[in-house]
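Breakdown of the fold
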Amino acid sequence: MDLFFDKRLLTVVLLLILCGLALQAQSENDSVRQLREVVVTAKSYKEVIPAQKLSGKELESLNSFSVADAIRYFAGVQIKDYGGIGGLKTVNIRSMGTNHMGVFYDGIQLGNAQNGQIDLGKFSLENIEEISLYNGQKSEIFQPAKDFGSAGTIYLRSRSPRFEKDKNINLKFNFKTGSFHLVNPSLLWEQKIKANTAFTFNSEYIYSSGKYKYRYKRVHPSTHKTVYDTTAVRANGDIHALRLESGLYGTMEDGKWNVKTYFYNSERGIPGAIVNNVWKRSQRQWDRNFFTQASWQKTIFPKLETQVNAKYANDYMRYLNPDTTLMYLDNTFNQQEIYLSLANKYAVLKNWDVSLSADLQWNTLTSNLAGFVFPNRLTALIAVASALDLGKVKMQGSVLGTFVNEKIKIGNTAVTGNAQSAPDKQEFTPAFFVSYKPFRTADFNVHAFYKNIFRMPTFNDLYYTDIGNVNLKPEFTHQYDVGFQYTKALKNSIFRQWQIQADGYFNQVTNKIIAVPKGSGMYRWMMMNLGYVEIRGMDISTSASLQPAENLIANVKLTYTYQQAQDFTPDASPELQAMTWGGQIPYIPWHNGSAIASFQYKTLTLNYSFIYVGERYHNSANIPENYEQPWYTHDMNIVKNFKIKSNRAKISLEINNIFSQDYEVVLNYPMPKRNYKLILSFEV
Amino acid sequence: MMFPKKIRFYFFTTIIVAVSVIGCRGDVEMHLSETIELGYPREVTDAVGFYLLNEGNMGSNKSTLDYMDFSTGNYKRNIYAEVNPMVPKELGDVGNDLQIYGNKLYAVINCSNKIEVMEARTAKRIGQIDIPNCRYIRFLGKYAYVTSYAGPVEVNPNYTQKGFVAKIDTATLQEVDRCIVGFQPDELAIVNGKIYVTNSGGYMGAGNLKNYERTVSVIDLNTFKEEKRIDVDYNLHRIRADQRGNLWVGSRGDYKGHPSRLYFIDRKQQRVTDTIPTGVSNMYLSGDSLYVYSVEWSHITNTNEITYAIVNTLTRKIESRNFISDGTDKLIKIPYGILVEPKTKDIYVTDAGNYVSPGLLYCFDKDGKKKWSVRTGDIPAHFALLPIEKQDTIPTDTVQTNKIIYKN
C-alpha cells in the first residue's frame, strides 16, 4: 500500500490542488459570459462516414467497468480479454490487429512505442463521457496529422466541466463495490474559476483481489458423459490502481483551450495461463503513466482556423518474476514522448475547405533488460486534406506523409554487440471518402472509402533482445468500404426514431509483422514481415427509440458483424502452408453481435445487454484441436435516481454473466462466472 | 415509408439468416485421437512403434502424445486425453523430454512442473513426479535422474539460481536426493559410473556471451555429489555417450556471433579433445553414426540456416553432409526432433513449422528418400521407441532393458 503514498504522488496531488485553488483566487471579477455547455462537435453533415458512438446515459446504462468492456458493443470490433479487472484487454478493429488501432484521449493519441498496444482495461469508464469509433479516420479534415495515421480510431472524451445556472462548483462522489472484492471510490470536483474558465479534478482508486471461481469441464464426444469437471479459484489477479486527473478548460472569442494532466499508478498480479499442474503464479507488474497535454483552437481570420496541440508523456513499467523455479526477471521499461502539432483549415469557398497539419513526435525507450539498446524515434507527420461539399455529394481526401528517423544508444549491450538502428522511413499514404445523399427529405446516404495506412514496427519488434529485427518494414493495411446509413424519425408511433447503418468491406494486411521461429534456442522467435491477411466483412448496427407509454421510454440497439479474416501467409513447404492457408485468423469469430435495451420508467431504469461471440479458432490452422466454442453473456442492471435535499443521488445494482457461463476469450484465460456490483453515487 | 420497410425486411432477413448460421455454446468436448493410415505395414522384430511428444507453445497447455504403430503403419494423433480422459487439463504445458524405461513411459512436461508417468504399452497414467522446471530424464538401475532449471528456494539478495539433478526412485516415483549443478542444466548422460550434465546458463546469458555456462558437470553415481566440471563451450545443451563411453556435446552458441558446435570429450582424458565443424540443434546416435542437424539464425541473410550431417563416432569425421537426399530438406522449416530406427535405419525428422500451428513428421528410408509425412501436434519434438514385448522376461523397474555395457 505504501506505493500510493510515496512522496512523488503526494507532490502531484498537492500541485494539482494548489493549481486549482490559485486559479480560483483570481477568478471573481471577470466578464460574466456563460461557459459553453456542450463541447462543439462536428456537425452531422460533415460526417462523410458516420461514426459509432456511445455516450452519456447510454454509456452509463452498460455494466461496463472499463473502456474495453464498453467497446465490445460496437460493430466490427474484437476484444481480447485475459479476464478480471486487472487483466489485459486489447481492441482490434475489423481484424487488422491491435497495433492498427489509434486511441485518442481528449483529442491526443495515447502512445505506446514499446509494443503498440493500448490496454483499454486500464481506462475506467468513471469519467468518460463519450466513446466514438471511426473506421478509416474521423470525417474531419481540421485535425492533427496523427489523426490521419491509423486504420481505425477510438476517441475517448472525458467529462468536461459544465455548470447549471448560478452554480460554481460541482462535486460528485461515486462508490462501487461487489464481486472480486472490488473497492472503487471516486471523486469529481468541478470549479468555475472565471466565467469562461473552469477547473476540474478527478480521482479514482481501484482495488480488487481478482479472485474468482472458474470451471473447466469436458465431456466425451460420443457418450456426452462428463470426463472431468474441475473448479478452482483464480489467484494472483489482484490490482491496486490510482488515477488522478485534472484539467483547465477555457473559452475565448472564436476559440477554446484546455490543459490536462493525467497520472495513473498501479500494481497488479499477472494470473497467467491456466495449465495442467500449475496452481499459482507470482509475476507482478507495476505501471506508472503520466502525461500532460494542452490544446488551443481559434478562428484566426474569418476563413482560417488554427489548432495547436502539445503533449508530454512518461510511462514506467516494471515486470517482476520472483518465482525462483523460473527465470528470475526484474525488468523496468521507461518510455517518454514529446508531441507537438499544428493544424490549419482554410475555407477556400463556402463549400470547399483545405487543411494542412504538421506534427512532430519524439519517442524513447530505456530499460534494464540485458542486451537492450535504447532507441530514439523522431517522427514528422504532414497531412494535406481537403473537403468538398456539393450538396448531395460530399468528398474528403487526405494524404499523410510520415518521416521516421531512429537512433540508438548502446544500452545494455556488450561492447562487441553489432547493434544498429533501423533505417529511416518515408511513407505517403492516401485516404479518400465520399458520401451521397440521393433524397432531399429522407435522411439516407450511401458512402464509400478507401484508405491505405501502415503501422510502424514497435520498439519491441525492432530492438527487443534477441527477438527484434531492425530490418522490419512497416505493416500496411488497405481498406475498401461501402455502406449506407438511414435515420427515420416517426411521429404518432411507438417508434420515435429508427436508425440503421451497414457497411461491407474488404481489407488487406500486407507485410504483416509476425514472429517466426528462429534457430533452436530459448529465444525462439524473430520478427519478420511475412504475413498476409485478407478480411471480408460486414458490420450492421441499428437502434430505435420507443415510447410505449407516457412515462416509459425504451431504447434498443443491435449490432452484428460478419468477418471472414483469412490467413494467406505463404510458406516454402506446401504441406505446412496448406494447414493455415485460407484459415480464419486466431480469435476472429465469423459472427459476433450485441444487443442493448434500456427501459426508463420515471426515476427507475432497467438496462439489459447481451454480447455474442461466435465460434473461432485460436490458430489459423482451423482444426478441431484449435476450435473455440461461441460464448455469450447476459448482463443486467437496475438504477434508481433520487434526491437527498436538492442533491442528486443514484443507486445501481448490476449483475453480469447472469447465466454464469464458463467461457474463455483467450485460450487458458478463464473469465468470471456470474458476478455483481453495487454503485452508489451522490452529486452536490 | 417504402424504403425503410424494404431496408427493414433485408435487415431482419439478415438477422434471421445470421442467427440460423451462428451456433450456441454446448459442453466442451474432449479431443479423441485420430488415426491416419500411412501404408507401409510391416512385421516387427525389435520395436513395435514409437511415441512422439509434441511440446505445444508455452501457455497453450497443448503438449500432446502421438503414437506410430509399425505393424499396421497407422499413425495415431493425440492419444493422451483419450486414454486418460479424467485428467484435468490433459497432459500439460510444454513437453520437453520423452523416455521409455522398463515398462513405463516418462514424459517431462516442463511448464507443468511434472513428469507424467504412464504405462509404456498403453500410455495409461500411473502417476506424476513433481519437479519444478524439469528438463530431461535418464535412467540407471532403479533410479531416474532429472535435470531442472529451478533454483533452490531461498531468500538471498545475491541469489544465484543454480539448477539441480533430482534422483527419483522409479518404483515409488518419489524424489530421494538432489545434486546442485551449474546454471540451467539441460541434457544428461549416464556412463562410466558418472552422470554428465550439460550446463547452459540460458537464463543468464541474454545480451552477454560471457554469462553463459560453459561446462559439463560430472556427478559421481555413488556419492551423488558433483565431482568436477569439464570446460567445453558457452551454452551447452545436448550430450550423448557413444558405444565406447566417449561423450558428444552440443553447444547452442549465443544465437548471434558465437556459433553452435559439436565437441568430443575423451572418456579417459575427461576433457574436450576434438571439435567437429558443425552446429548442433539436436542429434541421434545410431550405432557409430551420430545424426546431427542444426538450425542457426543468420543475421546476414535474416533466415534460418539449416544443416544436416552424419558424424562417425569412431573416426570423428563428418561422413555425410546430408542424410536427406531427395530435396525434402529444403521444405523442412525447423527440424526439431529426430529418431533413427535401429534395424531399418529409417530416419524420422519432425518439422516444428511456425511453432504455433501443427507440425509435420517425415519418414525417410536409410538412403534419405521420403517415405511419408503426416501432420502432428504443435511443435513435434521428442521420440521414444517402444521395444517389442518379450514373453520370457517381465520388464520391471530393477531390470535395465536398455542398458549398454561398456568394455574397458
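Please refer to the structure placed before this passage.
Residues numbered from 1 in each chain as written. Chains lettered and ligands numbered in written order. Predicted model: local features only at pLDDT ≥ 70, side-chain atom pairs only at ≥ 80, totals over all residues. Heavy atoms only, no water.

For the rest of this paragraph, the subject is the overall build of chain B. Looking only at helices and strands, one finds two helices and 29 strands in chain B. For chain B, the residues scored as buried account for 58% of the 408 residues in total. Summed over all atoms, the accessible surface of chain B reaches about 16,400 Å², with 53% contributed by carbon and sulfur. (Helix = DSSP H or I, 4+ residues; strand = E, 2+ residues; numbered from the N terminus. Buried < 20%, exposed > 50% of the residue type's maximum accessible area, 1.4 Å probe, protein only. Areas by Shrake-Rupley, 256 points an atom, 1.4 Å probe, with all protein chains shown as cover.)

Our next topic: the interface of chain B and chain A. Contact residues are listed per partner, giving 84 residues for chain B and 79 residues for chain A. The tally of links between chain B and chain A comes to three salt bridges. In this structure, Lys217 of chain A engages Asp27 of chain B in a salt bridge whose closest nitrogen and oxygen atoms are separated by 3.6 Å. Summed over the shared surface of chain B and chain A, the result is 31 residue pairs in polar contact (both at pLDDT 80 or more). Counting only elements with at least two residues in the side of chain B that touches chain A, the list comes to helix H1 (2-21), strand E8 (125-130), strand E22 (289-298), strand E27 (358-364) and strand E28 (370-378) of chain B. Here the side of chain B that touches chain A is composed, by residue class, of 38 nonpolar, 27 polar and 19 charged. (Contact = heavy atoms within 4.5 Å. Salt bridge = Lys/Arg side-chain N within 4 Å of Asp/Glu carboxyl O. Polar contact = N/O pair within 3.5 Å; in protein donor to acceptor, adjacent residues only side chain to side chain. Nonpolar A, V, L, I, M, F, W, Y, C, P; charged D, E, K, R; others polar.)

This part takes up the pattern of salt bridges. Opposite charge on two side chains permits them to pair, given that their charged atoms come into close proximity. Under the defined criterion, the tally for this structure stands at 56 salt bridges over all chains. Arg94 of chain A is paired through a salt bridge with Asp481 of chain A; the nearest N and O atoms lie 2.7 Å apart. One end of the pair, Arg94 of chain A, is in the loop between strand E3 (89-93) and strand E4 (101-105); the other, Asp481 of chain A, is in strand E23 (residues 475-489), and 387 residues separate them in sequence. Residues Arg94 of chain A and Asp481 of chain A agree in their burial class; the two are buried. When the shortest N-O distance is used, the salt bridge between Glu34 of chain B and Arg77 of chain B registers 3.3 Å. Linking Glu34 of chain B in strand E1 (residues 34-37) with Arg77 of chain B in strand E4 (residues 74-77), this pair joins segments that are 43 residues apart in sequence. With a relative accessible area of 28%, Glu34 of chain B lands in the partly exposed category. Since its relative accessible area comes to 6%, Arg77 of chain B is described here as buried. Where salt bridges share partners, they join Asp106, Glu204, Arg243, Glu245 and Lys260 of chain A into one cluster.

Okay, the packing of aromatic side chains next. Overall, the coordinates contain 46 aromatic pairs over all chains when judged by the stated rule. Pairing Tyr308 of chain B with Phe323 of chain B gives two aromatic rings, centres 5.3 Å apart and planes at 85 degrees, and the pair type is edge-to-face. Taken together, the residues Tyr308 of chain B in strand E23 (residues 303-312) and Phe323 of chain B in the loop between strand E24 (317-320) and strand E25 (335-340) connect sequence positions 15 residues apart. Linked through ring pairs, Phe439, Phe444, Phe484, Tyr486 and Trp498 of chain A together constitute an aromatic cluster. Over the aromatic face of Tyr505 of chain A sits the side chain of Arg94 of chain A, whose NZ or CZ is 3.8 Å from the ring centroid. Looking at Arg42 of chain B, its charged tip hangs above the ring of Phe70 of chain B, at a distance of 4.3 Å from the centre. (Phe/Tyr/Trp six-rings, centres within 6.5 Å; stacked < 30°, edge-to-face > 60°. Lys NZ or Arg CZ within 6 Å of the ring centre and 35° of its normal.)

Core analysis: the largest hydrophobic core is formed by 53 residues, its most contacted members being Val67, Ile71, Leu120, Ile131 and Leu156 of chain A. Broken down by element, this core gets its largest block of residues, four residues, from helix H3 (residues 67-71) of chain A. Beyond its immediate sequence surroundings of up to four residues, Leu156 of chain A is in contact with Val67, Val103, Phe104, Tyr105, Asp106, Leu120, Ile128, Glu130 and Ile131 of chain A. One finds Phe459 of chain A together with Val295, Phe323 and Ala352 of chain B within the second-largest nonpolar core, a separate group that totals 41 residues. (Core = buried A, V, L, I, M, F, W, Y, C linked by side-chain atoms within 4.5 Å.)

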